[in-house]
Amino acid sequence: MIISIASGKGGTGKTTVATNLAQVLGNRVQLLDCDVEEPNAHLFLQPTFTQSEPVTTPIPLIDETKCTFCRKCADFCEFNALAVVGKQVLVFAELCHSCGGCMLVCPEGAITETSRELGTLNVGNAGEVAFVNGRLRVGEAMSPPLIKRVRAAADPDRITLIDAPPGTSCPVIAAMHETDFVLLVTEPTPFGLHDLKLAVEAVKLLGIPAGLVVNRADIGDNAVFQYAEEEELPLLLTIPFDRQIAEAYSRGRMMVDALPEWRHQFIELFAKIEQIVKVNKEAACVN
Ligand code: SF4
Ligand code: SF4
């Protein structure tokens, strides 16, 4: 089973939920930190990394001795990653989506591939929890290929928890794509509600069942809860705005370790998700 933990905006407690859930599931689970621009699940789970490797993406390399400067490659590239200026073909590597199309359209065979480093893939263990994260190079914008590499490192024999990037753009879709369940984390504020609505729309488009965790549930107003009811988005857990939880967080400790009474809450959270996924799969089989 693959569960993606996501939020419409950062700072809602998404990583808190992902790491605590991982901790209570122990050796049954792996946590993939796909928030590659700002991975921080490792700060809580404190993994030991046993493998670390650079992740690259292919980009075009122009052989100007073969090039006739016909511009076919630049006209083809919908990302404006190529430009022909006089007797020179400019490659804007940061804009290249590595589709390989320019190589195919070049009539002179003047384009081959080179590679560009996007970031690092790290694999290890945090106690019994298998742990993988990706770390995007500073200033790099092309995160989906790195997210795909983090996901490809998953062990199919374990439950997979994905700590997705915040927001609703391409990196989030790369993290939520082909998962069995999306656990949305929000807080009951107008900003929280606004971004939750965007996240719910994205999840609907992907056709993945979802549930909600409301963090700092006793601040703000009732609008998030009303919206969840209207959308039939099951409310699976509420976490209060609590001094002891905040203190544990500020020390980099997980709730389920610092406050063991929370263990059963997270175990129950997983049981509810398992049940929803099961019912959803049975319904899909009937249809
Ligand atoms: S398509 Fe090939 S030959 Fe034409 S400008 Fe691009 S690299 Fe040069
Ligand atoms: S590989 Fe694709 S995205 Fe990159 S420069 Fe060529 S056509 Fe553009």
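The preceding data block contains the structure.
Predicted model, so just to flag it, every value in this text is computed and none were measured.

**Q** Just give me the short version of the environment of A22, but keep the residues and values in it.
**A** For A22, the location among the structural elements is in helix α1 (residues 14-25). A relative accessible area of 0% places A22 in the buried class. On a C-alpha basis, the gap between A22 and F131 in space is 9.5 Å, while along the polypeptide they are 109 residues apart. Those residues in contact with A22 that sit more than four places away from it in its chain are V29, L31, L45, V129 and L161.

**Q** A description of the side chain of R116 should follow, citing residues and the corresponding values.
**A** Counting through the fold element by element, R116 comes out in strand β6 (residues 111-126). For R116, the side chain forms a polar contact with the side chain of E140, separated by 2.5 Å. If near-sequence neighbours (up to four positions away) are discounted, R116 is found in contact with V55, T56, T57, I59, A93, E94, R137, E140 and M142.

**Q** Kindly report on the site of ligand 2, identifying the contributing residues and their values.
**A** Lining the immediate surroundings of ligand 2 are P60, F76, C77, F79, A81, L82, C96, H97, S98, C99, G100 and C102. When each cavity is represented as a set of grid points, ligand 2 is found to reside in the largest cavity. When grouped by side-chain class, the residues that make up the shell around ligand 2 number nine nonpolar, three polar and no charged.

**Q** Give a description of the packing of aromatic side chains that names residues and reports values.
**A** Under the definition given, this model contains three aromatic pairs. With 6.4 Å between their ring centres and 55° between their planes, W262 and F266 make a pair best called tilted. The class of W262 is buried, set by a relative accessible area of 9%. By relative accessible area, F266 is classed as buried at 0%.

**Q** Summarise helix α7 (residues 190-206); cite the residues concerned and give the values.
**A** For α7, which comprises 17 residues, the first-to-last C-alpha distance of 25 Å matches the rise-based estimate of 24 Å (1.5 Å per residue) to within 8%. Taken together, the buried positions of α7 are occupied by G192, L193, D195, L196, A199, V200, A202 and V203. If you follow the buried residues of α7, they end up packed against α6 (170-176), β9 (181-186), β10 (210-215) and α8 (223-230). Downstream of α7 by a residue or two, G207 has a phi angle that is positive, lying close to 70°.

**Q** Account for the sheet that holds strand β1 (residues 2-6), naming residues and giving values.
**A** Read from one edge of the open sheet, nine strands run β3-β6-β7-β2-β8-β1-β9-β10-β11, paired in mixed fashion. Every interior strand has two partners, whereas the edge strands, β3 (48-62) and β11 (235-239), have only one. Across the sheet, the axes of successive neighbouring strands diverge by a mean angle of 20°, strand direction being ignored. The pairing of strand β2 (residues 29-33) with strand β8 (residues 159-163) spans five bridges and is classified as parallel. Directly across from D33, in β8, lies its bridge partner D163. Sheet strands in contact with α8 are β9, β10 and β11, and its direction is about 170° off that of β10. With respect to the sheet, helix α11 (residues 263-286) is in contact with β1, β8, β9, β10 and β11, its orientation differing from that of β11 by roughly 160°.

**Q** With reference to specific residues and values, describe the packing of α7 against α8.
**A** At a closest axis distance of 10 Å, the pairing of α7 and α8 adopts a crossing angle of 20°. The pairing of α7 with α8 is recorded here as roughly parallel in orientation. Between α7 and α8 lies a crossing of right-handed hand. Between α7, through L193, L196, K197 and V200, and α8, the contact on the second element is made entirely by A223, V224 and Y227.

What counts and how
Residues numbered from 1 in each chain as written. Chains lettered and ligands numbered in written order. Predicted model: local features only at pLDDT ≥ 70, side-chain atom pairs only at ≥ 80, totals over all residues. Heavy atoms only, no water. Helix = DSSP H or I, 4+ residues; strand = E, 2+ residues; numbered from the N terminus. Buried < 20%, exposed > 50% of the residue type's maximum accessible area, 1.4 Å probe, protein only. Contact = heavy atoms within 4.5 Å. Polar contact = N/O pair within 3.5 Å; in protein donor to acceptor, adjacent residues only side chain to side chain. Near = heavy atom within 4 Å. 1 Å grid on protein atoms, 1.4 Å probe; cavity = no way out; pocket = protein on both sides within 12 Å on 5 of 7 lines; lining within 4 Å. Sits in = over half its atoms within 2 Å of the grid points. Nonpolar A, V, L, I, M, F, W, Y, C, P; charged D, E, K, R; others polar. Phe/Tyr/Trp six-rings, centres within 6.5 Å; stacked < 30°, edge-to-face > 60°. Expected span 1.5 Å × (residues − 1). Pairing = 2+ DSSP bridges. Axes fitted to C-alpha atoms, helices over the stretch in contact; angles between N-to-C directions. Parallel < 35°, antiparallel > 145°, perpendicular 65-115°, else oblique. Left-handed = near helix turned anticlockwise from the far one by under 90°.

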